[in-house]
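# Structural characterization, general
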Amino acid sequence: MPAIVIDGKAVSLKIREEVKQRAAALGERGIAPCLAVVLLGENPASLSYVTAKEKALTEAGMKSRDIRLSAGAAETELLSLIAELNADKTVHGILVQLPLPAHINTDRIISAIDPAKDVDGFHPVSVGNMVLGRPGFLPCTPHGVVFLLKELKIPLSGAHAVVVGRSNIVGVPLANLLVRRDVNATVTICHTGTRDLSRHTLEADILIAAAGSPALIKPEMVKPGAVVIDVGVNRVPDSAKEKGYRLCGDVDPAAAENAGYITPVPGGVGPMTIAMLLQNVVQAAEVYNYE
Ligand code: GUN
């Protein structure tokens, strides 16, 4: 039987409605939640993500401050900008779109953001709080995946979750969230150094593909009935398409024949990432120290 397709968009809309109400409540106190969105250069994928984030903020009744710098901007310029945004009491969150150009030290930039405004959850303080299970901002894509699994009432406690990919943005934080007591999964992380990837993926009750490799997960790598979450958003050249490319996940769509549940690309995890970002921004504005 083909898999049930998980509608991430539908779940995300519910969250966005809640965020809108929270933002309106802040509005009544004279607070306009605001996210500064910083983009360097014109990477087409980054540009489309940033545009989607800004549109979602507006729809939730929040503000975005769009800051565009050239791809050649100096690291010192970016650090000064972050210092300004940290000090600005009308800015509640700061998002620097990744990846940054190679001449910029990403760790240094992320570490310069005030953790109170780190709505991406990438700052070492946020990562530390997440690993220790303390309050703080959770990274949007991993949080979105866990939220989606919980919302769909997928049995997670004691389940074997296999995460393919070890990025700081998705794989590593996601594995951390899945292993926490509130989720209680048993977690395996696979990566480019893993021997015999299929041996691991076939054991997964929940298989999460976050490797950034188009159609890496083939149908024969999926245990029948497994829940398959596809985090990949790859642009694959396709001359038949007007844009010259098509979006392809990390999972071969034919895997839907084996899976019990599967997320589509687009329309699965992507909308959840944006919803979680909105939630972090409204939370940042709610707890901000306005003294
Ligand atoms: N690049 C890819 N995903 C993300 C994200 O969630 N946040 C930022 N800032 N950059 C990204």
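Up top is the structure.
This text gives an overview of the structure that appears in the document. Here the structure is a predicted model, which is why all the values come from computation and not from measurement. (Residues numbered from 1 in each chain as written. Predicted model: local features only at pLDDT ≥ 70, side-chain atom pairs only at ≥ 80, totals over all residues. Heavy atoms only, no water.)

## As for the overall build of the protein
Secondary structure summary: the protein contains nine helices and eleven strands in total. Seen through its principal axes, the protein has C-alpha atoms that stretch 55 × 40 × 35 Å. Scored against the burial criterion, the 291 residues of the protein give a buried share of 49%. If you take every contact in the protein between residues at least 6 apart in sequence, the share linking residues at least 24 apart comes to 71%. As presented, the protein carries roughly 13,800 Å² of accessible surface, and 55% of it is formed by carbon and sulfur atoms. In the protein, 28 side chains carry a positive charge and 30 a negative one; their mean positions are 2 Å apart. (Helix = DSSP H or I, 4+ residues; strand = E, 2+ residues; numbered from the N terminus. Buried < 20%, exposed > 50% of the residue type's maximum accessible area, 1.4 Å probe, protein only. Contact = heavy atoms within 4.5 Å. Areas by Shrake-Rupley, 256 points an atom, 1.4 Å probe, with all protein chains shown as cover. Lys, Arg positive; Asp, Glu negative; His and termini not counted. Charge placed at Lys NZ, Arg CZ, Asp CG, Glu CD.)

## Topic: the nonpolar core
If you look at the biggest cluster of nonpolar residues, it comprises 53 residues, and the most contacted ones within it are Met62, Leu149, Leu178, Ile206, Ile208 and Ile229. Setting aside residues no more than four positions away along its own chain, Ile206 makes contact with Leu149, Ile154, Pro155, Leu156, Ala159, His160, Ala161, Val162 and Val227. Membership of the second largest hydrophobic core comes to 21 residues, among which are Leu69, Ala73, Val96 and Ile113. (Core = buried A, V, L, I, M, F, W, Y, C linked by side-chain atoms within 4.5 Å.)

## Here's the deal with the sheet that holds strand β3 (residues 63-69)
The parallel open sheet is built from three strands, whose spatial order is β3-β2-β4. One side of each edge strand has no neighbouring strand; the edge strands of this open sheet are β3 and β4 (93-96). On average, adjacent strands in this sheet sit at an angle of 15° to one another, irrespective of strand direction. Strand direction decides the pairing type here: strand β2 (residues 34-40) and β4, joined by four bridges, are parallel. Note that in β4 the partner of Leu35 across the bridge is Gly93. (Pairing = 2+ DSSP bridges. Axes fitted to C-alpha atoms, helices over the stretch in contact; angles between N-to-C directions.)

## Digging into the packing of aromatic side chains
Evaluated as defined, the whole model comprises one aromatic pair. With a centroid separation of 5.0 Å and an interplanar angle of 65°, the aromatic rings of Tyr288 and Tyr290 are classed as edge-to-face. Note on Tyr290: relative accessible area 33%, which makes it partly exposed. (Phe/Tyr/Trp six-rings, centres within 6.5 Å; stacked < 30°, edge-to-face > 60°.)

## A look at a nonpolar patch on the surface
Taken together, the side chains of Tyr49, Val233 and Leu247 define a hydrophobic patch exposed on the protein surface, amounting to about 230 Å² of accessible area. Topologically, Tyr49 is positioned in helix α2 (residues 44-59). Residue classification places Tyr49 among the partly exposed residues on the basis of a relative accessible area of 33%. (Patch = residues over 30% accessible without salt bridge, like charges linked within 9 Å, V, L, I, M, F, W, Y side chains within 5 Å. Salt bridge = Lys/Arg side-chain N within 4 Å of Asp/Glu carboxyl O.)

## Topic: the site of the ligand
The environment of the ligand is formed by Lys53, Leu95, Val96, Gln97, Leu98, Asp120 and Phe122. Measuring from a nitrogen atom of the ligand, one finds a backbone N or O atom of Val96 at 2.9 Å. Expressed as a share of its isolated accessible area of 280 Å², the protein-covered part of the ligand is 84%. (Near = heavy atom within 4 Å. Polar contact = N/O pair within 3.5 Å; in protein donor to acceptor, adjacent residues only side chain to side chain.)

## Describing the sheet that holds strand β11 (residues 261-262)
The six strands lie next to each other as β1-β11-β8-β7-β5-β6, forming an open sheet whose pairing is parallel. The open sheet has two edge strands with one neighbour each: β1 (4-5) and β6 (186-190). Of the strand pairs in this sheet, strand β5 (residues 160-164) and strand β7 (residues 206-209) are connected by four bridges, and their pairing is parallel. Across the sheet, Val162 pairs through a bridge with Leu207, a residue of β7.

## Considerations on the packing of helix α6 (residues 140-151) against helix α7 (residues 171-179)
In the contact formed by α6 and α7, the axes pass within 8 Å of each other and the chain directions differ by 35°. Of the two possible hands of crossing, α6 and α7 adopt the one that is right-handed. Here Pro142, His143, Val145, Val146 and Leu149 of α6 come into contact with α7, specifically with Pro173, Leu174, Leu177 and Leu178. (Left-handed = near helix turned anticlockwise from the far one by under 90°.)

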